[in-house]
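Observations on the three-dimensional arrangement
Spelled out from the first residue to the last, the chains are:
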Amino acid sequence: MNIAVVTGASSGLGREFVYLLDTIGLDEIWVTARRKDRLMALQKQIHTTVRVFSGDICRLDTIELLRQALVEEKPVVAYLIYAAGLGRIGSVTDIPPTEQQQMLRVNCEGAITMTSLCMPYMEVGSHIVEMCSVAAFQPLPYFSVYAATKAFLYHYSLALAVEMESKGIAVTAVCPYWVKDTEFIPLADTSNHTYHFRPYPFASTTKKVARQAWQDIQKRKRVSTPGWPAFFLRIITALIPNEIIMWFCRFF
């Protein structure tokens, strides 16, 4: 049985990737997210059999449900798409420590746990997709913890790609720019300060980002920067000192 595992599948890019996976003839798509009602609604929209694992991806009980299903079914995991993510915009003095810690758990620990869980069930031709961000390319004041977690995930993905190459498993770090039609921006931007990353010019859409990233995943690219703003930021952050980039990014 060939399956895909998608975290953060209840909305945004995770959900959009489920729609794309529905077109490639998998036996099942296993989806996770905290909001079971949305996963059940998604299940009705998809032709491929969808197996729902609702719960927090950082909780041991959620991971255990997935582990048990993998042990019992012994599927081939053709795709792992880690799209679960959490971000908060604002000063570290304003964001509660519990929320900062949760960003670390979801963006870093959850990705490592799910990747390690699925890798034994992967074969030649399988794909690991880690949802990173252009925030991974440089430090970002007032987005500092989120950017740091994505930098961690980005470098983890690059190193993992080298390790998995001999096994025929592709690893892609997807690094999009702002996506305007998801819940991420309104949930992340809880700050009262009006000069943090306003007004998100050049933001793309979920469908466009997912489809561009999907093309890169099929080409087994190690880094996907869907859209010209993401590609531009990847190049410019490699050429210009961080001090300048940190000032410049406030306007984008």
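Above this text you will find the structure in question.
The present account deals with the structure reproduced in this document.

Side note on the side chain of glutamine 100
Along the chain, the position of glutamine 100 falls in helix 4 (residues 97–118). A polar contact of 2.9 Å, which involves the side chain of glutamine 100, links it to the backbone oxygen of isoleucine 95.

Comments concerning the sheet that holds strand 3 (residues 49–54)
Here we have seven strands laid out as an open sheet, ordered 3-2-1-4-5-6-7, and parallel in their pairing. In this open sheet, the two strands that pair with only one neighbour each are strand 3 and strand 7 (223–224). Of the strands in this sheet, strand 1 (2–7), strand 2 (28–33), strand 4 (76–82) and strand 5 (127–131) are in contact with helix 1 (residues 12–21), which crosses strand 1 at around 165°. Across the face of the sheet, helix 2 (residues 36–45) comes into contact with strand 2 and strand 3 while running at roughly 180° to strand 3.

So, helix 3 (residues 60–73)
The end-to-end C-alpha separation of helix 3 is 20 Å, in line with the 20 Å expected for 14 residues at 1.5 Å each. For helix 3, every residue scored as buried is listed here: Thr62, Ile63, Leu66, Ala69 and Leu70. All buried residues of helix 3 project into a common sector of 125° when viewed along the axis, lining one side. Relative to its buried face, helix 3 has exposed residues pointing more than 90 degrees away, namely Leu60 and Glu72. Phi for lysine 74, located one or two positions after helix 3, is positive at around 50°.

A short note on the nonpolar core
As a rule of thumb, soluble globular proteins bury nonpolar side chains together. Counting 52 residues, the largest nonpolar core has Val5, Trp30, Met114 and Tyr154 as its most contacted members. For this core, the elements supplying multiple residues, two or more each, are strand 1, helix 3, strand 4, helix 4, helix 5 (144–165), strand 6 (170–174) and helix 8 (228–239). Among the elements that take part in this core, helix 5 stands out by supplying nine residues, more than any other. The contacts of tryptophan 30, once residues within four sequence positions are left out, are Met1, Ile3, Ala4, Val5, Val6, Arg51, Phe53, Leu66, Ala69, Leu70, Glu73 and Pro75.

Thresholds, definitions, all that
- Residues numbered from 1 in each chain as written.
- Predicted model: local features only at pLDDT ≥ 70, side-chain atom pairs only at ≥ 80, totals over all residues.
- Heavy atoms only, no water.
- Helix = DSSP H or I, 4+ residues; strand = E, 2+ residues; numbered from the N terminus.
- Polar contact = N/O pair within 3.5 Å; in protein donor to acceptor, adjacent residues only side chain to side chain.
- Pairing = 2+ DSSP bridges.
- Contact = heavy atoms within 4.5 Å.
- Axes fitted to C-alpha atoms, helices over the stretch in contact; angles between N-to-C directions.
- Expected span 1.5 Å × (residues − 1).
- Buried < 20%, exposed > 50% of the residue type's maximum accessible area, 1.4 Å probe, protein only.
- Arc of directions from axis to C-beta.
- Core = buried A, V, L, I, M, F, W, Y, C linked by side-chain atoms within 4.5 Å.

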